[in-house]
Amino acid sequence: MSGNETHGPAGTLRPGGRGALAESTGAAWRPVEEDGPAEEDDATRDWDNEGGHERGHVAHHPRAAGHDPAPPPDPDALRVTGVLATALPPELGTPHEPVTYTVPGVLSRRVTREEQDAIEADAVRRRLADAGFEDVELTVSDRRLLIGHTSLAALKGGLAHEIANVLRDLGRDLVAEHDRLAAEIAELQKEEDRRAAVVLVEAEQIRFE
C-alpha cells in the first residue's frame, strides 16, 4: 500500500476542491476540506520605517497561559514592538562580542517633536540610571528607538520593561498637558465670547438721532 492511500470506501476527487473527497457509491462521505494557508511569520508581518516590512524585526507577542488574551494596545500609544536583530553588531555571539552596544528597537509609529524631545531628555537618562541602568541613552531615528550603551542581556534583565514604562508615562504626561492647554484655550474663548457679547449689546444701544 502506498503512503498516499486512504482506508475506507473509494472516493473521487471533487473538481475544483483540492484534496476534498466526493460522495461514493454505497456510503455517503462528507467533503473534507484542507486547512487554509499557514499564517505569515512575524518577519513578514512586522512593519518597517516606511510602512512596509522590515526583515530581522523580532516582535514581542506576550502570551499568558491560562489567561484570557490581553486587550489590543492603543494604536495611538507609542511603544517599542521589538528589536531589529539585523542591525545588531555582527560580533555578537563571538569571542569579540562587545560589553555594551546600541540596540535598535522598532517603534509602533513615528514620534512627534514633543515625544522625541521628552524621550531624549536628561530626565529619562536619570530615571534609567536610578533604575540601575547607568549610561543608557535613548535616541529617536525615524521609526527606530536607538538604545545606546546597553546589551540584549540588560534589556532582558529589566531595561526593556523600564523603557516601556518610560514611554507609557511620557505619553500619559503629554496627553494630560494637551488636555490642560485645551481647557485653558476653551476658557479663554468663553471669556472672549462673553466680552464680545457685552460690547455688541453696548454698541447696539447707540442711536444717532
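Quick note: structure is the one above.
Residues numbered from 1 in each chain as written. Predicted model: local features only at pLDDT ≥ 70, side-chain atom pairs only at ≥ 80, totals over all residues. Heavy atoms only, no water.

Our focus in this paragraph is the overall build of the protein. The helix and strand tally for the protein stands at 4 helices and 5 strands. Helices (α) and strands (β) of the protein occur, in sequence order from the N terminus, as α-β-β-β-α-α-β-β-α. Here the protein has roughly 15,400 Å² of accessible surface; of this, 54% comes from carbon and sulfur atoms. (Helix = DSSP H or I, 4+ residues; strand = E, 2+ residues; numbered from the N terminus. Areas by Shrake-Rupley, 256 points an atom, 1.4 Å probe, with all protein chains shown as cover.)

This part is about the side chain of Ser-151. Relative to the helices and strands, Ser-151 resides in the loop between strand 5 (144-150) and helix 4 (152-204). Within the local environment of Ser-151, its side chain forms a polar contact with the backbone nitrogen of Ala-154, the two atoms lying 3.1 Å apart. For Ser-151, the contacting residues outside a window of four places in its chain are Val-99, Tyr-101 and Val-103. (Polar contact = N/O pair within 3.5 Å; in protein donor to acceptor, adjacent residues only side chain to side chain. Contact = heavy atoms within 4.5 Å.)

Before going further, it helps to examine the pattern of salt bridges. Applying the stated rule across the entire model yields 14 salt bridges. Across the salt bridge formed by Arg-113 and Asp-117, the nearest N and O atoms sit 2.9 Å from each other. Placement of both Arg-113 and Asp-117 in helix 2 (residues 113-119) is noted, with a separation of 4 residues, approximately one turn of the helix. When its relative accessible area of 54% is taken as the criterion, Arg-113 is described as exposed. Between Asp-122 and Arg-125 there is a salt bridge whose closest N-O contact spans 2.0 Å. Of this pair, Asp-122 and Arg-125 are both found in helix 3 (residues 122-130), 3 residues apart, which corresponds to roughly one turn of the helix. Salt bridges linked by common partners bring Arg-127, Glu-162, Arg-168, Asp-169, Arg-172 and Asp-173 together as one network. (Salt bridge = Lys/Arg side-chain N within 4 Å of Asp/Glu carboxyl O. Buried < 20%, exposed > 50% of the residue type's maximum accessible area, 1.4 Å probe, protein only.)

Time to look at the nonpolar core. By size, the foremost hydrophobic cluster in this structure holds 23 residues, and its most contacted members are Ile-119, Leu-138, Leu-145, Ile-147, Leu-159 and Ile-163. Looking at this core element by element, the count peaks at 6 residues for helix 4. When residues no more than four places from it in sequence are discounted, the contact partners of Ile-147 are Tyr-101, Thr-102, Val-103, Val-136, Glu-137, Leu-138, Leu-155, Leu-159 and Ile-163. (Core = buried A, V, L, I, M, F, W, Y, C linked by side-chain atoms within 4.5 Å.)

Below, the discussion takes up the pairing of strand 3 (residues 101-107). Regular strands place side chains that alternate from one sheet face to the opposite one. Counted residue by residue, strand 3 has 6 buried out of 7 residues, so it is predominantly covered. Pairing analysis gives 3 bridges linking strand 2 (residues 80-84) to strand 3, with the strands arranged antiparallel. The residue of strand 3 that forms the bridge with Gly-82 is Val-106. Direction of pairing for strand 3 relative to strand 5: antiparallel, over a ladder of 5 bridges. By the bridge assignment, Val-106 is partnered in strand 5 with Arg-144. (Pairing = 2+ DSSP bridges.)

Within the secondary structure, Leu-152 is located in helix 4. The class of Leu-152 is partly exposed, set by a relative accessible area of 36%. Not counting chain neighbours up to four residues away, the residues in contact with Leu-152 comprise Val-83, Leu-88, Leu-92, Tyr-101 and Val-103.

Bringing helix 4 into the picture now. Under the 1.5 Å per step criterion, the end-to-end length of helix 4 is 73 Å for 53 residues, consistent within 8% with the ideal 78 Å. If you look at helix 4, its biggest bend is around 65°, right at Gly-158. All buried positions along helix 4 are accounted for by Leu-155, Leu-159, Glu-162, Ile-163, Asn-165, Val-166, Leu-167, Asp-169, Leu-170 and Leu-174. Looking at the buried positions of helix 4, the neighbouring elements they touch are strand 2, strand 3, helix 2, helix 3, strand 4 (137-141) and strand 5. (Expected span 1.5 Å × (residues − 1). Bend = angle between axes of the 7 residues up to and from the residue.)

Gaps between atoms show up when a probe of the same size as a water molecule is rolled over them. Throughout the structure, instances matching the rule amount to 1 cavity of 30 Å³ or more. The space that makes up the largest cavity amounts to roughly 40 Å³. Looking at the largest cavity, the residues that line it are Leu-78, Glu-115, Ile-119, Leu-167, Leu-170 and Gly-171. Counting only elements with at least two residues in the lining of the largest cavity, the list comes to helix 2 and helix 4. With 3 residues, helix 4 is the single largest residue contributor to the lining of the largest cavity. A breakdown of the residues in the lining of the largest cavity according to their chemical character gives 4 nonpolar, 1 polar and 1 charged. (1 Å grid on protein atoms, 1.4 Å probe; cavity = no way out; pocket = protein on both sides within 12 Å on 5 of 7 lines; lining within 4 Å. Points joined across faces, edges and corners; volume = space filled by probe spheres on them. Nonpolar A, V, L, I, M, F, W, Y, C, P; charged D, E, K, R; others polar.)

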